[in-house]
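Survey of secondary and tertiary structure
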Amino acid sequence: HKRIAASIKENRNPYLEPKASRNAWLPKNAKISEEAETLLFVGCTMAYRAQKIAQSIVRILNNGVDFMISNEENCCGSVLLRGGQRELAKELAAYNVKMFESKGIKKVITGCPGCYRTFVKDYPSLLGRKLNFKVAHTSHVLKELLEKGEIQPKGVRLRVTYHDPCHLGRHSHIY
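The text that follows walks through the structure, step by step, so that each part is easy to find. (Residues numbered from 1 in each chain as written. Predicted model: local features only at pLDDT ≥ 70, side-chain atom pairs only at ≥ 80, totals over all residues. Heavy atoms only, no water.)

**Some words on the packing of aromatic side chains**
Counted according to the given criterion, the structure contains five aromatic pairs. Relative to Phe119, the ring of Phe41 has its centre 4.9 Å away and its plane inclined at 85°; by these criteria the two rings are edge-to-face. Of this pair, Phe41 sits in strand β1 (residues 38-41) while Phe119 sits in helix α6 (residues 113-127), and the two are 78 residues apart along the sequence. One exposure class covers both Phe41 and Phe119, and it is buried. Arranged with centres 5.0 Å apart and planes meeting at 75°, the rings of Phe119 and Tyr123 form a pair that is edge-to-face. Residue Phe119 and its partner Tyr123 are located together in helix α6, separated by four residues, close to a single helical turn. (Phe/Tyr/Trp six-rings, centres within 6.5 Å; stacked < 30°, edge-to-face > 60°. Helix = DSSP H or I, 4+ residues; strand = E, 2+ residues; numbered from the N terminus. Buried < 20%, exposed > 50% of the residue type's maximum accessible area, 1.4 Å probe, protein only.)

Below, the structure written as structure tokens:
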């Protein structure tokens, strides 16, 4: 737990990865706005461990969503909260919310269930106030884009199993 906290303080992520490479996964042809009111909060896991998911999310959002990504993004603090390190998590919450508000962000989208739960359930409690922006998981955004006809899934004949992440299902009632 101490090593994770030290990495988050130094590198802005729990994976001991250099903060300078946080957005190295970003496709060169991605349409990322400089002034959007919607921010894609990539999160540590997608930035460093699940980069193909982050790239897919950007490709999908490029079909009708004006959004930005911030180089100032910090870890959301979920791993700290689950490990009992509440004070550092509170610092991260204050930093992230201040950054969102300074950029005029009205909506934060995240593909990470842990980030989603942390923003929706933990930040208001940690900061003692309601957030001035909406938070959406990518599953919400995908549903909206499908309903508007802005994305069309290709037919694929596969048998799959979907794992409903605890932070979405049990903790946030999103199934």
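**A short note on unusual backbone geometry**
A positive phi angle is found at Arg12, which is not glycine, with a value near 65°. Looking at the element boundaries, Arg12 is found in the loop between α1 (2-11) and β1. Taking the relative accessible area as the measure of exposure, Arg12 reaches 17% and is therefore buried. Backbone geometry places Leu16, a non-glycine residue, at a positive phi of 60°. The exposure class of Leu16 is partly exposed, given its relative accessible area of 47%.

**Looking at the sheet that holds β1**
Strand order in the open sheet formed by three strands is β1-β2-β3, and the pairing between neighbours is parallel. At either end of the open sheet lies a strand with only one pairing partner, and these are β1 and β3 (134-137). Sheet twist, expressed as the mean angle between neighbouring strand axes with direction ignored, is 25°. Across four bridges, the pairing between strand β2 (residues 107-110) and β3 is parallel. Within β3, the position partnered with Val108 by the bridge is Val135. (Pairing = 2+ DSSP bridges. Axes fitted to C-alpha atoms, helices over the stretch in contact; angles between N-to-C directions.)

**Details of the nonpolar core**
Residues Phe41, Phe100, Val108, Phe119 and Tyr123 are the most contacted members of the largest nonpolar core, which totals 31 residues. Of all the elements in the fold, those that place two or more residues in this core are α1, β1, α4 (78-82), α5 (86-102) and α6. The biggest single contributor to this core is α5, with seven residues. With near-sequence residues (within four places) excluded, Phe41 lies in contact with Glu73, Asn74, Cys75, Cys76, Asn96, Phe100, Val108, Ile109, Thr110, Gly111, Cys115 and Phe119. With 20 residues, the next largest nonpolar core counts Val42, Tyr48, Ile57 and Val58 among its residues. (Core = buried A, V, L, I, M, F, W, Y, C linked by side-chain atoms within 4.5 Å. Contact = heavy atoms within 4.5 Å.)

**Things to note about the environment of Tyr116**
With respect to the helices, strands and loops of the structure, Tyr116 is situated in helix α6. Since its relative accessible area comes to 8%, Tyr116 is described here as buried. A sequence separation of 53 residues divides Tyr116 from Asn63, and the C-alpha atoms of the two residues are 22 Å apart.

**Considerations on a nonpolar patch on the surface**
On the surface, Val156, Leu158 and Val160 cluster together to form a nonpolar patch covering roughly 340 Å² of accessible area. Mapped onto the fold, Leu158 is located in the loop between α7 (138-148) and α8 (169-172). Leu158 sits in the exposed class, given a relative accessible area of 64%. (Patch = residues over 30% accessible without salt bridge, like charges linked within 9 Å, V, L, I, M, F, W, Y side chains within 5 Å. Areas by Shrake-Rupley, 256 points an atom, 1.4 Å probe, with all protein chains shown as cover. Salt bridge = Lys/Arg side-chain N within 4 Å of Asp/Glu carboxyl O.)

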